[in-house]
Amino acid sequence: NVSAPLNMIRAFRNRVFHNESICWNLERVTSIHQEIITVMGWINDGLPKWIEGLDRFEHTKQNIINKMMSILNYTRKILNLNIDFSDLNPIIAF
C-alpha cells in the first residue's frame, strides 16, 4: 500500500510546517524518519545510501535527548528528588 506511508509523511510535514511539536514521541519520529527514507528508495533505489552522508537526524535526536535529560536532572536537583532519570529510555520518555 503506497498511500498509507505517503499520507503519514504528508501529515508529519503538515505538523512541521504548522509549527506543531514533533518531539513529543521520539520513537514515533524515528519511525517516520525511516519511512521517509524507505519512500525515497521507492523513488530512486540509490537515494537512501546517498542521503546517509547528509542525514543529521540521529545527531539531532541525540541532542534533543541530551537536552531533555538535562532538564529532568535540573528539575530533580531543584526539587531535591531522589530519582535516577538515567534509567529512563529517553526515546519513550519524551
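In what follows, the structure referred to is the one given above.
The rules behind the values
Residues numbered from 1 in each chain as written. Predicted model: local features only at pLDDT ≥ 70, side-chain atom pairs only at ≥ 80, totals over all residues. Heavy atoms only, no water. Helix = DSSP H or I, 4+ residues; strand = E, 2+ residues; numbered from the N terminus. Buried < 20%, exposed > 50% of the residue type's maximum accessible area, 1.4 Å probe, protein only. Contact = heavy atoms within 4.5 Å. Areas by Shrake-Rupley, 256 points an atom, 1.4 Å probe, with all protein chains shown as cover. Phe/Tyr/Trp six-rings, centres within 6.5 Å; stacked < 30°, edge-to-face > 60°. Lys NZ or Arg CZ within 6 Å of the ring centre and 35° of its normal. Patch = residues over 30% accessible without salt bridge, like charges linked within 9 Å, V, L, I, M, F, W, Y side chains within 5 Å. Salt bridge = Lys/Arg side-chain N within 4 Å of Asp/Glu carboxyl O.

**A word on the overall build of the chain**
Turning to step 1, where the next piece is worked out: Tallying secondary structure elements over the chain gives five helices and zero strands in all.
Turning to step 2, where the next piece is worked out: Sorting the 94 residues of the chain into buried and exposed places 20% on the buried side.
Turning to step 3, where the next piece is worked out: Here the contacts in the chain between residues at least 6 apart in sequence split such that 55% fall between residues at least 24 apart.
Turning to step 4, where the next piece is worked out: Looking at the chain as shown, the accessible area adds up to about 7,100 Å², and 57% of this sits on carbon and sulfur atoms.

**Quick notes on the packing of aromatic side chains**
Turning to step 1, where the next piece is worked out: Under the defined criterion, the tally for this structure stands at zero aromatic pairs.
Turning to step 2, where the next piece is worked out: The lysine or arginine in question, R13, covers the ring of F17, its NZ or CZ lying 4.2 Å from the ring centre.

**Structural notes on a nonpolar patch on the surface**
Turning to step 1, where the next piece is worked out: Taken together, V2, L6, W42 and I43 make up a surface patch of nonpolar side chains, about 430 Å² in accessible area.
Turning to step 2, where the next piece is worked out: Here V2 is to be found in the segment before α1 (3–17).
Turning to step 3, where the next piece is worked out: Overall, V2 belongs to the partly exposed group, its relative accessible area being 48%.

Interpretation note: all reported values are geometric properties and have no functional meaning in isolation.
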